[in-house]
Amino acid sequence: MKIHKYDTVIVGAGGAGMRAAIEATKRSRTAVLTKLYPTRSHTGAAQGGMAAALANVEEDNWEWHTFDTVKGGDYLVDQDAAEILAKEAIDAVLDLEKMGLPFNRTPNGTIDQRRFGGHSRNHGEAPVRRSCYAADRTGHMILQTLYQNCVKEGVEFFNEFYVLDQLITEVDGVRKSAGVVAYELATGEIHIFQAKAVIYASGGTGKFFKVTSNAHTLTGDGQAACYRRGLPLEDMEFFQFHPTGIWRMGILLTEGARGEGGILRNKDGERFMEKYAPVMKDLASRDVVSRSIYTEIREGRGCGPEGDHVFLDLTHLPPEQLDAKLPDITEFARTYLGIEPYTDPIPIQPTAHYAMGGIPTNVQGEVLADNTTVVPGLYAAGEVACVSVHGANRLGTNSLLDINVFGRRSGIAAAEYAATADFVELPEDPASLVVEMVEGLRAATGSERVSELRRELQETMDANVMVFRTEQTIKTAVEKIAELRERYKNVSVQDKGKRFNTDLLEAVELGNLLELAEVMAVSALARKESRGGHYREDYPNRDDVNFMRHTMAYREVGDDGSETVRLDYKPVVQTRYQPMERKY
Amino acid sequence: MATPVMDKAEATAKTDASPYITVTFRIRRFNPEVSEHAVWEDFPVEIDPKERVLDGLHKIKWDVDGTLTFRRSCAHGICGSDAMRINGKNRLACKTLIKDINPEKPITVEAIKGLTVLKDLVVDMEPFFQAYRDVMPFLVTKGNEPTRERLQSAEDRERFDDTTKCILCAACTSSCPVFWNDGQYFGPAAIVNAHRFIFDSRDDAGEQRLEILNDKDGVWRCRTTFNCTDACPRGIEVTKAIQEVKRALITRRF
Ligand SMILES: Cc1cc2nc3c(=O)[nH]c(=O)nc-3n(C[C@H](O)[C@H](O)[C@H](O)COP(=O)(O)OP(=O)(O)OC[C@H]3O[C@@H](n4cnc5c(N)ncnc54)[C@H](O)[C@@H]3O)c2cc1C
Ligand code: SF4
Ligand code: FES
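Being a predicted model, the structure only gives us computed values, none of them experimental.

**Student:** In this structure, what is going on with the overall build of chain B? I would like to understand it.
**Tutor:** Across its full length, chain B carries 10 helices and seven strands. Dimensions of chain B, computed from the C-alpha atoms along their principal axes, are close to 65 × 60 × 35 Å. Counting every position in chain B, which comprises 254 residues, the buried fraction comes to 57%. A separation threshold of at least 6 residues defines the contact pool for chain B, and within that pool the share at least 24 residues apart is 64%. Here chain B displays about 11,000 Å² of accessible surface, and carbon together with sulfur accounts for 50% of that area. Each charge sign in chain B was given a centre, from 38 positive and 39 negative side chains, and these centres are 3 Å apart.

**Student:** Mind showing me how you'd approach the interface of chain A and chain B here?
**Tutor:** Buried accessible area, meaning the area lost when the parts come together, often serves as the stated size of an interface. Taken together, the contact between chain A and chain B spans 77 residues of the former and 74 residues of the latter. Note on chain A versus chain B: buried area summed over both sides is about 6,300 Å², and carbon and sulfur give 52% of it. Counting across the chain A and chain B interface gives seven salt bridges. Across the pair Glu160(A) and Arg71(B) runs a salt bridge, and its minimum N-O distance is 2.7 Å. Our enumeration of links across chain A and chain B arrives at 43 residue pairs in polar contact (both at pLDDT 80 or more).

**Student:** Help me understand empty space enclosed by the protein in this model?
**Tutor:** The method is simple in principle: a probe with the dimensions of a water molecule rolls over the atoms, and the space it marks as empty is what remains. Applying the stated criterion across every chain yields a total of 10 cavities of 30 Å³ or more. In this structure, the second largest cavity encloses a volume near 250 Å³. In terms of lining, the second largest cavity is formed by 21 residues, of which the most central are Tyr162(A), Thr502(A), Phe70(B), Arg71(B) and Arg72(B). For the lining of the second largest cavity, the elements supplying multiple residues, two or more each, are helix 15 (502–526) of chain A together with helix 2 (53–64) of chain B.

**Student:** What is the right way to look at the layout of surface pockets in this model?
**Tutor:** All names here are of chain A. Considered as a void within the structure, the second largest pocket measures approximately 820 Å³ in volume. Elements with a minimum of two residues in the lining of the second largest pocket: helix 12 (432–443), helix 14 (471–488) and helix 15. Tallying contributions element by element places helix 15 first for the lining of the second largest pocket, with six residues. Considering only residue class, the lining of the second largest pocket consists of nine nonpolar, four polar and 10 charged.

**Student:** Whenever I open this one, the pattern of salt bridges confuses me. Can you help?
**Tutor:** When the charged atoms of two side chains with opposite charge come close together, those side chains can pair. Residues and elements named next belong to chain A. This model, assessed by the stated rule, comprises 87 salt bridges over all chains. The partner of glutamate 189 in a salt bridge is lysine 2, with the nearest N and O atoms 3.7 Å apart. One end of the pair, glutamate 189, is in the loop between strand 8 (174–184) and strand 9 (190–200); the other, lysine 2, is in strand 1 (residues 2–11), with 187 residues separating them in the sequence. Overall, lysine 2 belongs to the partly exposed group, its relative accessible area being 41%. Note that glutamate 515 and arginine 485 form a salt bridge whose closest N and O atoms lie 3.7 Å from each other. Of this pair, glutamate 515 sits in helix 15 while arginine 485 is found in helix 14, placing the two residues 30 residues apart along the sequence. Residues glutamate 515 and arginine 485 agree in their burial class; the two are buried. Taken together, the shared-partner salt bridges in this structure form one network comprising Asp74, Glu237, Asp287, Arg291, Arg527, Glu529, Arg531, Arg542, Asp544 and Arg582.

**Student:** What is the right way to read the sheet that holds strand 5 (residues 126–132) of chain A from this model?
**Tutor:** Paired through backbone hydrogen bonds, the strands of a sheet run either parallel or antiparallel to each other. All names here are of chain A. On the basis of which strands lie adjacent, the open sheet formed by three strands has the order 3-5-4 and antiparallel pairing. Of all the strands in the sheet, the pair left with one neighbour each is strand 3 (50–51) and strand 4 (113–121). Of the pairings in the sheet, the one linking strand 3 to strand 5 comprises two bridges and is antiparallel in character. Across the sheet, alanine 51 pairs through a bridge with serine 131, a residue of strand 5. In the packing of helix 2 (residues 62–72) onto the sheet, contacts are made with strand 3, strand 4 and strand 5, and the angle to strand 4 comes to roughly 60 degrees.

**Student:** For this particular structure, what's the right way to read the site of ligand 1?
**Tutor:** Residue and element names in this part refer to chain A. Close to ligand 1 lie 39 residues; Ser41, Thr43, Glu383, Ser399 and Leu400 are nearest. At 3.4 Å from a nitrogen atom of ligand 1 is found a main-chain nitrogen or oxygen belonging to glutamine 47. One of the backbone N or O atoms of glycine 49 is found 2.9 Å from a nitrogen atom in ligand 1. In the complex, 98% of the free accessible area of ligand 1, which totals 1,000 Å², lies under the protein chains.

**Student:** Hey, could you run me through the side chain of Glu83(A) in this one?
**Tutor:** Residues and elements named next belong to chain A. Examined against the element boundaries, glutamate 83 turns out to sit in helix 3 (residues 79–99). For glutamate 83, a relative accessible area of 19% gives the class buried. Those residues within four positions of glutamate 83 in sequence are excluded, and the remaining contacts are Trp62, Thr66 and Arg576.

**Student:** Could you clarify how one ought to interpret the sheet that holds strand 14 (residues 346–355) of chain A in this entry?
**Tutor:** Residue and element names in this part refer to chain A. Taken together, the four strands give an open sheet; going across it, the order is 11-14-13-12, and neighbouring strands pair in antiparallel fashion. Of all the strands in the sheet, just strand 11 (239–246) and strand 12 (263–265) have a single pairing partner and so form its edges. Strand-to-strand twist in this sheet, taken as the mean axis angle between neighbours without regard to direction, amounts to 45 degrees. Where strand 13 (residues 310–313) meets strand 14, three bridges bridge the pair, whose relative direction is antiparallel. Across the sheet, residue valine 310 finds its bridge partner in strand 14, namely isoleucine 348.

**Student:** Quick question: what am I supposed to make of the site of ligand 2 here?
**Tutor:** Around ligand 2, the structure places 13 residues, and the nearest of them are Cys166(B), Cys169(B), Ala170(B), Cys172(B) and Cys232(B). Across the shell around ligand 2, the residue classes break down as 12 nonpolar, no polar and one charged.

Rules and cut-offs
- Residues numbered from 1 in each chain as written.
- Chains lettered and ligands numbered in written order.
- Predicted model: local features only at pLDDT ≥ 70, side-chain atom pairs only at ≥ 80, totals over all residues.
- Heavy atoms only, no water.
- Helix = DSSP H or I, 4+ residues; strand = E, 2+ residues; numbered from the N terminus.
- Buried < 20%, exposed > 50% of the residue type's maximum accessible area, 1.4 Å probe, protein only.
- Contact = heavy atoms within 4.5 Å.
- Areas by Shrake-Rupley, 256 points an atom, 1.4 Å probe, with all protein chains shown as cover.
- Lys, Arg positive; Asp, Glu negative; His and termini not counted.
- Charge placed at Lys NZ, Arg CZ, Asp CG, Glu CD.
- Buried area = accessible area lost by both parts, 1.4 Å probe.
- Salt bridge = Lys/Arg side-chain N within 4 Å of Asp/Glu carboxyl O.
- Polar contact = N/O pair within 3.5 Å; in protein donor to acceptor, adjacent residues only side chain to side chain.
- 1 Å grid on protein atoms, 1.4 Å probe; cavity = no way out; pocket = protein on both sides within 12 Å on 5 of 7 lines; lining within 4 Å.
- Points joined across faces, edges and corners; volume = space filled by probe spheres on them.
- Nonpolar A, V, L, I, M, F, W, Y, C, P; charged D, E, K, R; others polar.
- Pairing = 2+ DSSP bridges.
- Axes fitted to C-alpha atoms, helices over the stretch in contact; angles between N-to-C directions.
- Near = heavy atom within 4 Å.

What follows is the structure, given as structure tokens:
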């Protein structure tokens, strides 16, 4: 076991982690721990763009952007945070450009912008061109640009280090962050990182679904590490299902495809979104479009012999436009489906995409231990966090924005805190939980297999807590997850070695997914209303009287060691926008 | 527009119903915790030929032998984790469909060459990333920062578009015979990333990067064998980029 000491430790090297690292490294001695090489992070998969009211191509302003964000989130958004997001968006994009990001350009040489779902002119009047983009590989360019600038700034990375535990020490009755425990993939060695400030930027948790746009490695490790130490998770029932994943595979086809003029059609060739969203049509908010697709499928208008998908039609767009604006996604269709998008429509279905919920923070990125108390020295940003700027449903292009705005803020805040704070004493035997976890799995001889449990988890999540939910389906999921968690105690791995033991780590990751799936299902069961990404067929309306509030889920351990999820609620911050019915 | 949909739907569905076939994966195994020697091991796998090589590797790891070790993350060709030698050619396992590489014969899978194998398909990537870092892969500008964005014409932006696509997968560098013989050579990926900045109209450090690549381990080692271009899963014209850097070194114009 090795012990390291840093002012600031950042967990994760995606967009949020590296944006934070660039700030933190300038101000404090910083280490970035990441389970993937930085450039492998899933930020690189983002396609469509990053929102900012630059007004480079038409009239726009940050107030309209704020409104769209609040409305898109079905009013569960904390409006003070949304305002910061929209205001700081402009500098966030300009900063990236100055760091070297090769945005697409207008004929004037300024950054080009395009339309994206839910972004509108003057409070919903018409779609507006707000998304700054680099072809359909904006996330790739952001990830590369941030990594390049980390190289420039000399950021210190610990690559292929898995953070598995958050250390907390109580000092004079206050629970403070003391550091993290990490597992080194190459050697199997356990490392303690004592740090004045820790920032979680470890990304999402989509792998508990089967059809998903998320990478294999998005297993909610950061959320689970904090949750296991008694910290709450906010709004975990809100998960976004993106309308256009490649049929059965889940690989994303950006909303930018519809921004460029792509149209969704059912088996009769009908442009069905006209019925559901007369103004915004195919560019209505994602939850609306995903439900519309499933309504078409359920009512027998789906395509294919099983009627289980619809089509994304790009055939009316000029091939030059597809080549210039959507080269990657058209290549996905060719590679994985053998389809030529110039001439053939692409079969799609909604795909599990984005966790709106996560570790609760305030606008400085400080993690909350309850509705109001911050945990000194602990920060979170990006998809792992819940600020909450996305509320019940995130608008497209607002996450690449979120990781830049709140990655930067948390990097500055953490380093400034570290400059004034002292190291917090490590808890006694700091590695014990991780040693127990890892050695327990290595020694286990049980008959359950990780892959089988994961498959069953993913199937139950897809069947029961996806686009449509009811009391019945959620209860089915809760019971199934409880069964799987019981069986997980009997899981064993085949690889008992120290070196690059990914077998072992997949088991650890599954443990995290099971824990978080339970939180999601329990939170969803209690929310007896429909809002944004959470749609209850048995409660199809939004209920502002009872549910205009954030869910806060806590892990409770009984005297007999039994675990339960305890739910509490937190008020939503409302400033200028009163809740209205959401129409597109 | 007419409805382009119905018959296409059926066409897709028909091919989709194709039966599973049995494919042999012949994998180069190496684990120094177990043995100093690498061995080939065969795994028969039931698989739909439209699935990826990565799906086959997962089937083996998840259902047969959990010790099989490889890197992967995104599973659709954008993260650069899973470059490996498949039937003797460098490819991404997640971007290679079984049907495209003759499933009748055993499919050989081994680690990419020229970098130290650490376990099975996992190699030491550090020397590769070191070469990348050595070419100053970041924008360098002089003078005052503008308040808004720097302007760049669509044409100037297009000039280096191809080399911005790189995902640092190392397929090119580890397919290069010069690199196999001498690991000191910067390798195609580092040159591609230098190109990305040398030809960016906003950048002011082109001369410095050219000097770095003028080194004895720099661009002049390239023998134009085109292995790198063939290997690149992003379709980057790697050899052309290297040629453009060579030309810029001679003419000092870029
Ligand atoms: C296909 C796709 C397309 C998208 N398109 C868009 C778009 O066009 N616009 C938009 O705004 N948003 C988009 N999104 C959403 C957006 O890309 C993501 O929400 C965002 O990039 C997440 O960034 P992040 O930095 O929080 O996490 P990630 O980029 O996922 O990074 C997570 C990091 O944490 C590390 N990590 C994880 N667990 C551990 C651990 N235990 N220990 C150490 N390190 C760990 C990983 O190594 C990685 O470096 C898209 C998402 C997907 C999946
Ligand atoms: S140039 Fe192509 S092959 Fe080489 S590292 Fe980049 S993406 Fe991979
Ligand atoms: S797994 Fe990401 S490129 Fe293959």
